[in-house]
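A structural walkthrough
What follows is each chain in one-letter form.
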Amino acid sequence: MAATTLSWALPDDLLAIWHTSRVPILLAVATILTLIRLTQRLRTSNREKLSASPIPGSPQAGPEKKDRSLEIAARWVNADGVVPEKAKPLEDDHLEDITVAEPPLVRPKPGPKKVTGSKVPKAKRTISFDATRDKVQPLVFFSSLGGSTEARAKQLVEDFGAWTDALALESENAPLPLKPILHDLSYIEYDDFFISAPKTDENIKYFYIVLVPTYNIDTALDAFIEHLQETHHDFRIDTAPLSGILGYAVFGFGDKEGWATEEEGFCSQGKDVDKWLARLTGRRRAFPLGIGDVKSDVVERLKEWRLGVQEVLLDVASGKGLGEGVPGSGDALESDEEDTEDEDGEEETQPSKPRKTKPKSDLNDVEDLGRMVQTDASPEEPMEIDFTTYKTKPAKTSQPAPKEMVPKTSPTYSALTKQGYTIVGSHSGVKICRWTKSALRGRGSCYKYSFYGIKSHLCMETTPSLSCSNKCVFCWRHGTNPVGTTWRWQVDPPEEIYKGVTEGHYKKIKMMRGVPGVRAERFAEAMRIRHCALSLVGEPIFYPYINEFTKMLHDDHISSFLVCNAQHPAQLATLKPVTQLYVSIDASNKESLRKVDRPLNRDFWERFCACLDILREKRFEQRTVFRLTLVKGFNLEDEVAGYADLVARGLPCFVEIKGVTFCGTSTSAAAGLTMQNVPFYAEVQTFVTALNDALAERGLEYGIAAEHAHSCCVLLASTRFRRRGADGELKWCTLIDYERFFELLESGEPFKPEDYMGEATPEWALWGNGGFNPEDERVYRKGKNRDRSDAGPAVVEI
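Presented here is an overview of the structure given in this document. (Residues numbered from 1 in each chain as written. Predicted model: local features only at pLDDT ≥ 70, side-chain atom pairs only at ≥ 80, totals over all residues. Heavy atoms only, no water.)

**Description of the overall build of the protein**
A count of helices and strands for the protein gives 22 helices and 17 strands. Counting the 798 residues in the protein, one finds 48% classified as buried. Across the protein, contacts joining residues at least 24 apart in sequence account for 77% of those joining residues at least 6 apart. Element-wise, carbon and sulfur atoms account for 53% of the exposed surface of the protein, whose accessible area totals about 40,600 Å². (Helix = DSSP H or I, 4+ residues; strand = E, 2+ residues; numbered from the N terminus. Buried < 20%, exposed > 50% of the residue type's maximum accessible area, 1.4 Å probe, protein only. Contact = heavy atoms within 4.5 Å. Areas by Shrake-Rupley, 256 points an atom, 1.4 Å probe, with all protein chains shown as cover.)

Dropping the structure here:
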């Protein structure tokens, strides 16, 4: 229709010129428009550079005091990308003049971000290997939750060892691989193995063997896969940083009862590990991905796969490489999905699915239209051409429903329930601790009774989130709880959680009725919860409705003691006042924190420092506490000065120093923790004295207030919590007036921690007196009751 109109309005020769010369005309117009656009962009960029002002790196505290919690937390938005709401301004009359270095707050420009540039071509990567000089060191990595994969990994290592021994007897001079070394993915630092090849002896070349199961719940394996993915996409790191290893092979374990086919997710996590290792190593896949069903053919499939890997290891050790057409052994002829990464930057996070071929388009390019015109009709005749195109919008794919954090059919559920936890809903839990059992039998309460007046049999230990973003070496849960950096599970309402945890706690208390030695009066008292320790497992502030949950506690006059791991500053900034707010300070520097807490966040140190700054802002709103867990060989030696600097940054009301408690399990040993890492109480006392002196040298007003030798714990307190008694002497007042706290909270008026400061700390709890309640009876594991003030926590039975 358009061509007919033109033929009516224009002469025939002009229309013919248009048909013969339209391509150069269109290209010329497009070129002119492009030049105009580039000129405008260059002018805009120059104006922005001239008008931009430098951003200060370390702002000094000005004369105007204000709450900076929101400014700090604005850099750490929550999982939904929403900046937390600003909290109530805090009084800061006693803020010491201590400069706090903060990263600059960069405000993003409105509108979509445009990235210009060209794709850097991949360089050809080669690795030198001399069979007469170099040795092949296989490293076997595994991930296991229930223990079955760990058993198969150990058996695989034994089979490899027997195989190399047999070959060594047949031929003494033949080049053979070394015996494999076993590593648990839950207890290693990913950066030591999966950012670059391990650097030891230059004549040792590494070969990776990975055995992974597939779970329908969040485990440490998800964090490992996410680490591989982030490493590949990290602009600071080469896209193939593991190209220095000789090769890799992956075997995945699955269950066809849950996922019948690969399309439905059978061995999907093994496939993901194989895919990302292919990208990180520059496609050095030494043997195809092996998969096996744990309930049918896994033994046969694993044996076949092992024999194939053994042949490859022999070829690699003899200098033949991985074979023709594989990187490291000739031209890279392999064609796989890792060669065709999404150019739009979208990351694949779901299990691998069949790739659909793109249907051929019925539309043609402009050049094709020109050829059609010239072949179908004479250029002298006017042609009718429709230039209208139609683009269909892709159908919207529905987002999958959030899954449960701990399904009842999962290994995590089984492992936690075996450890004595009651799982509430899909992501919460409750458990009575050993101190509750001890207090019911009159054998002593925990350190919270000596420091704050909490009777252990009146305390409920719970958490609304079983997931954590750390994998601490001293964790009592042995890596069985879920891990994650963002909340991606279904959310249970706080009313159901509160009802479930209280019912679960009372049920476990009732189970103590038949235990010998339980005192009737204390059992009756225990049927009324007075305190709640939100420190069971996981990260409580990770729960999206943590403020609503703590309000329910306060409405029932239950005090709240909340512990966080200093990895979620956005949630910490929006947390409403609790009775006492803890932050775990497990190291004094970045490297030590990485080894002790083994955080999942790559910016863990920046998050850690941001939480300390937020805690500083909250110190006149609620009681704040630094909890230091001392682990000999990790964070005890030569770190006093670093801890003192952290106290100067956060200025907490109290500092709890506690020796680590050893669980005595093989998993703790795999994390590098043994009984040798448990400090004696005398060593903790020495550390506390040194820390107190370091704080005094910095002009900070703290003192050693109380101790509880029974649990190897000492309390440093700010001098804000000292007042004169009737005799005119200054006395430590670390106890809490809980009824006064609820009165102040219900009044709606601002208040300070000093407003609900309780009575003076009892004499038996003060520094130098041991801290054991004289009304209770202390019981030792061996021998008679005797003075064991120099003993660590592991020698005491309660």
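And the narrative resumes.
**Describing the environment of K471**
Relative to the helices and strands, K471 resides in the loop between strand 8 (459–463) and helix 13 (494–510). With 126 residues separating them in the primary sequence, K471 and D597 have C-alpha atoms 5.8 Å apart. With near-sequence residues (within four places) excluded, K471 lies in contact with L185, S186, I188, Y190, A220, V483, V596, D597, R598 and L600.

**Overview of the sheet that holds strand 12 (residues 623–630)**
Read across the sheet, 10 strands follow the order 6-7-8-9-10-11-12-13-15-14 without closing on themselves; strand pairing throughout is mixed. Only two strands of the sheet have a single neighbouring strand rather than two, namely strand 6 (422–424) and strand 14 (702–708). The mean inter-strand angle of the sheet, taken between neighbouring strand axes irrespective of direction, is 25 degrees. Pairing analysis gives five bridges linking strand 11 (residues 580–584) to strand 12, with the strands arranged parallel. Looking at strand 12, one finds that Q580 is bridged to R623. Contacting strand 12, strand 13 (654–659), strand 14 and strand 15 (713–718), helix 21 (residues 681–697) runs over the sheet at an angle of about 165 degrees to strand 14. (Pairing = 2+ DSSP bridges. Axes fitted to C-alpha atoms, helices over the stretch in contact; angles between N-to-C directions.)

**Looking at a nonpolar patch on the surface**
A cluster of nonpolar residues, W18, I25, L26, V29, I32, L33 and I36, forms a patch on the protein surface that exposes about 610 Å² of accessible area. With respect to the helices and strands, I32 occurs in helix 2 (residues 12–51). (Patch = residues over 30% accessible without salt bridge, like charges linked within 9 Å, V, L, I, M, F, W, Y side chains within 5 Å. Salt bridge = Lys/Arg side-chain N within 4 Å of Asp/Glu carboxyl O.)

**Notes on the sheet that holds strand 4 (residues 247–254)**
Here we have five strands laid out as an open sheet, ordered 2-1-3-4-5, and parallel in their pairing. Two strands in the sheet have a free side with no partner beyond their single neighbour: strand 2 (181–184) and strand 5 (290–293). When strand polarity is set aside, the average angle formed by the axes of neighbouring strands in this sheet is 20 degrees. With seven bridges connecting them, strand 3 (residues 204–213) and strand 4 associate as parallel partners. Bridging from a neighbouring strand, V210 pairs with V250 of strand 4. Sitting on the sheet, helix 4 (residues 148–170) touches strand 1 (135–142), strand 2, strand 3 and strand 4, and the angle it makes with strand 3 is about 145 degrees.

**Considerations on the side chain of S144**
Secondary-structure assignment places S144 in the loop between strand 1 and helix 4. The buried category is assigned to S144, whose relative accessible area is 17%. At 3.0 Å, the side chain of S144 forms a polar contact with the backbone nitrogen of G147. Reaching out from S144, the side chain makes a polar contact with the backbone nitrogen of E150 at a distance of 3.4 Å. For S144, the contacting residues outside a window of four places in its chain are T149, E150 and Y215. (Polar contact = N/O pair within 3.5 Å; in protein donor to acceptor, adjacent residues only side chain to side chain.)

**Examining the packing of helix 13 against helix 15 (residues 546–555)**
Geometrically, a packed helix pair is captured by the angle between its two axes and the distance between the axes. Interaxial distance between helix 13 and helix 15 falls to 9 Å at its minimum, and their mutual angle equals 50 degrees. Taken together, the axes of helix 13 and helix 15 are oblique relative to one another. Helix-helix and strand crossings are classified by hand; for helix 13 and helix 15 the assignment is right-handed. Along the contact surface, helix 13 presents P494, E495, I497, Y498 and V501, while helix 15 presents E548, F549, M552 and L553. (Parallel < 35°, antiparallel > 145°, perpendicular 65-115°, else oblique. Left-handed = near helix turned anticlockwise from the far one by under 90°.)

**So, the packing of aromatic side chains**
We describe a pair of aromatic rings using the distance from one ring centre to the other and the angle between the two ring planes. Scanning all chains against the criterion turns up 27 aromatic pairs. Plain terms: the ring middles of W605 and F608 are 5.1 Å apart, the flat faces sit at 20 degrees to each other, and that makes the pair stacked. Within this pair, W605 and its partner F608 are both found in helix 18 (residues 604–617), separated by three residues, close to a single helical turn. The same class applies to W605 and to F608, which are both buried. The structure contains a cluster of three or more aromatic residues connected by ring pairs, namely F141, Y190, F193, F194, Y208 and F224. (Phe/Tyr/Trp six-rings, centres within 6.5 Å; stacked < 30°, edge-to-face > 60°.)

**Structural notes on helix 19 (residues 640–650)**
Taken across its 11 residues, helix 19 has nine buried, putting it largely inside the fold. Of all the positions in helix 19, only V640, G642, Y643, A644, L646, V647, A648, R649 and G650 are classed as buried. If you follow the buried residues of helix 19, they end up packed against helix 18, strand 12, strand 13, helix 21 and strand 14. One or two steps after helix 19, the chain reaches L651, where phi turns positive at roughly 45 degrees.

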